[in-house]
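# Descriptive analysis of the structure
Next come the chains, spelled out residue by residue.
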Amino acid sequence: MRRFLRLPRRSSSRLRADLDEELRFYFDMRARELVESGMAEPDARREAVREFGDLEYTKRYCLAEDAMSTRDDRHTDLLAELRQDVAHSWRTLRRSPAFAAVALITLALGIGANTAIFSVVNGLLLRDLPYRDADGVVRIWGAYANTKRDRGQLSPADFLDLRDGQRSFSTIGAFAFGGGTYLGEGDPVRLAGLRVDANVFSALGVSAAIGRTFVAGEDSTAVAPTLVILSHGVWRRVFGGDSSIVGKSISLSGRMRTVIGVLPPAFFFPTAGEAEVFTPLDLTPILRDANRTRKYHFLGAVGRLRPGVSVEQGRTELVSIARRLERDYPESNAGITANALGVRDAVVGDTRPALLVLLGASLLVLLIACANVAGMLLSRAVSRRQELAVRSALGAGRARLVRQMLTESLVLASAGGLIGMGLAVWGTRALVASADTMLPAASQVAVDGTVLATVVLVTLVCGVVFGLVPSLAASRGMHTALKDASRGSSGGVGRHRLRTALVTGQLALAAMLLVGAGLLVRSLSRLQQNDLGYTIDAVLTFELSLAGERYATPEGQDRFYDELTGRLAALPGVVAVGASGNLPMRGGASASFAIEGKPHVGDKLPEVGYQPVSDDWFKAMGVPLTRGRAFGPSDALGAPGVVILSESAARQFWPGGDPVGARVRLGPNPDIPWLTVVGVVGDVRMGVAGDPRPTAYVSARQDHWGGMAFVVRTSGDPMALLPAVRREVRAIDRTLPVSDGRSMRDVQAMQLTDRRLPMQLMTAFALLALVLAAVGVYGVMAHSVAARTREIGVRVALGAQPGNVFGMVVRQALLAAVAGLTIGLAGAAALGKVLTTLLYGVTPTDVATFAGVAALLVAVVLIACLVPARRAVRIDPLQALRSD
Amino acid sequence: MTKPPIDLLQGTVDVLILRTLAWEPMHGYAVSRFIRQRTDGVLTIESAALYQALHRLERKKWIQAEWGLSENNRRAKYYSLTTEGRKQLRAEAATWKTYAEAVFKVLEPV
């Protein structure tokens, strides 16, 4: 018995015909059997029909059954086709491993970069904050017109007036810097923290995970010094997750405090930096001193809006109260108003533009990657025209072929997405690790369900986008493909134009990314070249905070600092040792400035930077003394008050004159004694991006801050000195922790992190884009030369010189490059504005950057078309004309 | 033919067809003839019921149909057992055996 093909899907008329044929066969066979047993032919036929049974019913029954199976088959056929397509795609990809590898790497990089950036955006911009009804939580600041700071701190009296005068918020709480040194069984540990009033946690809508938070009245003088709340992190890390911690006493900065609660794991305070311990904030002692209540700005505030009140309404009300305070207390409040922002905006803050720019950049990279793969598929489609034509001739419809090619690109995209996913998990971790200072609440960033869903979507969209165009292009004109199998056929012209358009688009996108990266690189190098006013090489910095009975008096502090300075200076390799209230790299304090015999103009005294420094600080920092003298041991408490001014302060207040010998007063209190100017030193820049600020330095022997930031200048590797420093500190007092031990270079690097990271990522994206675009250019040129082999052969045969042929190929590539550059640079100029907040010292339309990008891109395009151009030159006209 | 043919229930027809096709692929006429000869004419399936069963079993994907050439070189629709059909046959045969044995246990002492 021979078999035919499996029955194909059948129409209803076909089903009926099949059934009739099947039954006719039966009747014929049965009748013949009856004839053989002796019946006459007509009788036999009648008998066969008679004994069959209900023929009409059987026919209807069978047809209904067949119709049902046909319907079922259609579904299973689709599934089978899909399975067949996937298997076929897999085989095809394995047959061309080079193509598969390049496509997969391209896609994995594009999808991976997007996922990593998106998971950060998701964690920071989109995810829930750890506060109940976070939309109602608002951060409140003082806004300072003269320094253009709109996120400044509040004075206690202003805070109370704002809090009690408004109606928009149900609760407003204040907080100030705090923390302390925890002394347990091991080495002392410095814990970052905040002092908070009893309203802060209820304004945030946060309850403790264990125990409770502060209740009303616990921020009063009576109980304030005795309580503490721990963050979940410090509870795990320092206290070993002790579940019976609530009620126990711990020693914090020499004072015993009872732990009343542990906060939830996801909680973080909506400020920059970490807060590990929370102690009560008691404003009463400060409010007693009338001179300080409105002039000492050290409070942060959080509020909870009443239902139905918007952030903007709350802000407007606070500003109007602040305006009234400005009028009522012009001497202290002139130029100070209020500001408020929803907590999400406050937390994300300056990171938002950087993140959105990076997200945009990664999307551009993905677009380029898709364009690349689409281009590669287009080229492949050409070499597969015959295969497709054969399949078409065998009965595969156009839809079926498009579906098959789409399946292929989806298989490709899925594999790429899978690898990209792996890259993203790794990349997100690396990103969070290198960006902890830049990303608030970095702990929330992870690849989660939302991110996964997004990746799957992005992958599918990619697969469709880069698969649809080539497959439609390939399936068109398929019927002619079998007839003209020659390579030089003209069928590829439209397709080639499509590929050139893709490459032009890629070059344009790459140009935009390169401009963005170039601008960020130039910003960072401007920042790094900034003259800080001091030398940062071979300097170790660390911080010490004095706590305990020994340091209750200024003399006790002096004794400690003198002994430590002496011990450190005696260490081998140490050149100079100094200490100041703040590291200038991290910013600093300020004070109002009055000159004896020179009444100031206007309501308000001018402000200068304020810094207590040790005797050798200028020497250790490398800040030059230009006039007068530095501080010495004789400038002690009780000796005449002295001050050293920075050059810009000297210039500003004594234009053309010499301040040495003049007397000035720092701070608002008219009762404090005048200080004599004894010297002038070089300018020091505050922070890394700030301007040199007119500054007044006082002797640390005359203003004791308790904590000091040390700088140790060495002749070798500063970090190698750190263990010796710890040893010396411990030798004097084993309860004092040395915190933030870093080289000055590292401090600078940390300050630049939030600028460096976007720069590095942008540069990585731009280089990726450049490489992908170069691959695209190479691909299209190689393909073009291959397709024009015969034409080039004819030209050579007709006398074209190698130079002409070479030029022809290069000209074609350059044309695409120029078109891409024009579009890309125009786009970059138009989009440059989004970068403004990330730039420093360059404009978004920096000519040098644009010119550099243009040169780079043209150079890369030339290199990419070098190999195809050489191949074109080597074409042998005889062979080219003879081939196919 | 000493005894009259027994009328068969639908489920019985199905299992007989499955068993028959387990031998080799056959067209409908061959199936009907095979069952008749095998049971010495005791079991006769009315052809209408047979063809209904064949199409029903095909829909259930227990058997599949292919056009082939018959002994006398005519186009004929051949049915063969699918993997699923083989599974079904095994299950139904076991049920039948249990059923028959139970019935016998009651009838035996006669």
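This structure is a prediction, so every number in the text was calculated from the model and none was measured. (Residues numbered from 1 in each chain as written. Chains lettered and ligands numbered in written order. Predicted model: local features only at pLDDT ≥ 70, side-chain atom pairs only at ≥ 80, totals over all residues. Heavy atoms only, no water.)

## Examining the overall build of chain A
- When its secondary structure is counted, chain A shows 27 helices and 24 strands.
- Long-range contacts, defined here as pairs at least 24 residues apart, represent 81% of the contacts in chain A between residues at least 6 apart.
- Taken as a whole, chain A presents about 39900 Å² of accessible surface, with 58% of it coming from carbon and sulfur. (Helix = DSSP H or I, 4+ residues; strand = E, 2+ residues; numbered from the N terminus. Contact = heavy atoms within 4.5 Å. Areas by Shrake-Rupley, 256 points an atom, 1.4 Å probe, with all protein chains shown as cover.)

## Describing the sheet that holds strand S2 (residues 63–69) of chain B
- The strand order S1-S3-S2 (chain B) describes an open sheet built from three strands, whose pairing is antiparallel. Sheet topology places strand S1 (26–27) and S2 of chain B at the edges, where each strand pairs with a single neighbour.
- Of the strand pairs in this sheet, S1(B) and strand S3 (residues 75–81) of chain B are connected by two bridges, and their pairing is antiparallel. Within the sheet, the bridge partner assigned to His27(B) lies in S3(B) and is Tyr78(B).
- Sitting on the sheet, helix H1 (residues 12–36) of chain A is in contact with S1, S2 and S3 of chain B, with an inclination near 95° to S3(B). (Pairing = 2+ DSSP bridges. Axes fitted to C-alpha atoms, helices over the stretch in contact; angles between N-to-C directions.)

## Details of the pattern of salt bridges
- Taken as a whole and judged by the stated rule, the model has 36 salt bridges over all chains.
- As a salt-bridge pair, Glu41(A) and Arg45(A) come within 3.7 Å of each other at their nearest N and O atoms. You can see Glu41(A) and its partner Arg45(A) sitting in helix H2 (residues 41–52), four residues apart, about one turn around the helix.
- You can call Glu41(A) partly exposed: its relative accessible area is 46%.
- Among the ionic pairs, Arg745(A) bridges to Asp537(A), the shortest N-O distance being 2.8 Å. Taken together, the residues span a long stretch of sequence, with Arg745(A) in helix H22 (residues 744–787) and Asp537(A) in the loop between helix H17 (493–529) and strand S14 (539–545) at a distance of 208 residues.
- The partly exposed category is assigned to Asp537(A), whose relative accessible area is 42%.
- Members of the salt-bridge network, linked through shared partners, are Asp28(A), Glu41(A), Arg45(A) and Arg74(B). (Salt bridge = Lys/Arg side-chain N within 4 Å of Asp/Glu carboxyl O. Buried < 20%, exposed > 50% of the residue type's maximum accessible area, 1.4 Å probe, protein only.)

## A closer look at the nonpolar core
- Ranked by internal contacts, the top residues of the largest apolar core, which has 121 residues, are Phe466(A), Leu513(A), Tyr534(A), Phe618(A), Tyr697(A) and Met744(A).
- Among residues more than four places away in sequence, those in contact with Met744(A) are Tyr534(A), Ile536(A), Val539(A), Thr541(A), Leu583(A), Met585(A), Met621(A) and Val711(A).
- In this structure, Leu23(A), Val31(B), Leu50(B) and Leu57(B) belong to the second largest nonpolar core, which totals 41 residues. (Core = buried A, V, L, I, M, F, W, Y, C linked by side-chain atoms within 4.5 Å.)

## Points about the packing of aromatic side chains
- According to the stated counting rule, one finds 30 aromatic pairs over all chains in the structure shown.
- Measuring from centroid to centroid gives 6.0 Å for Tyr57(A) and Tyr61(A), while their planes differ by 45°, and the two rings are tilted. Of this pair, Tyr57(A) and Tyr61(A) both sit in helix H3 (residues 55–95), four residues apart, which is roughly one turn of that helix.
- Of the residues examined, Tyr61(A) reaches a relative accessible area of 17% and is grouped as buried.
- Taking 6.5 Å as the distance between ring centres and 80° as the angle between the ring planes, the aromatic pair formed by Phe653(A) and Trp654(A) counts as edge-to-face.
- Judged by relative accessible area, which is 13%, Trp654(A) ranks as buried.
- Joined through ring pairs, the aromatic side chains of Tyr131(A), Phe175(A), Phe201(A), Phe214(A), Phe267(A), Phe268(A), Phe269(A) and Phe278(A) make up one cluster.
- Seen from the ring of Trp674(A), Arg665(A) lies directly overhead, with NZ or CZ sitting 4.7 Å from the centre.
- Its end group placed over the ring of Trp67(B), Arg75(B) keeps NZ or CZ at 4.2 Å from the ring centre. (Phe/Tyr/Trp six-rings, centres within 6.5 Å; stacked < 30°, edge-to-face > 60°. Lys NZ or Arg CZ within 6 Å of the ring centre and 35° of its normal.)

Shape is all these values report; function is a separate question.
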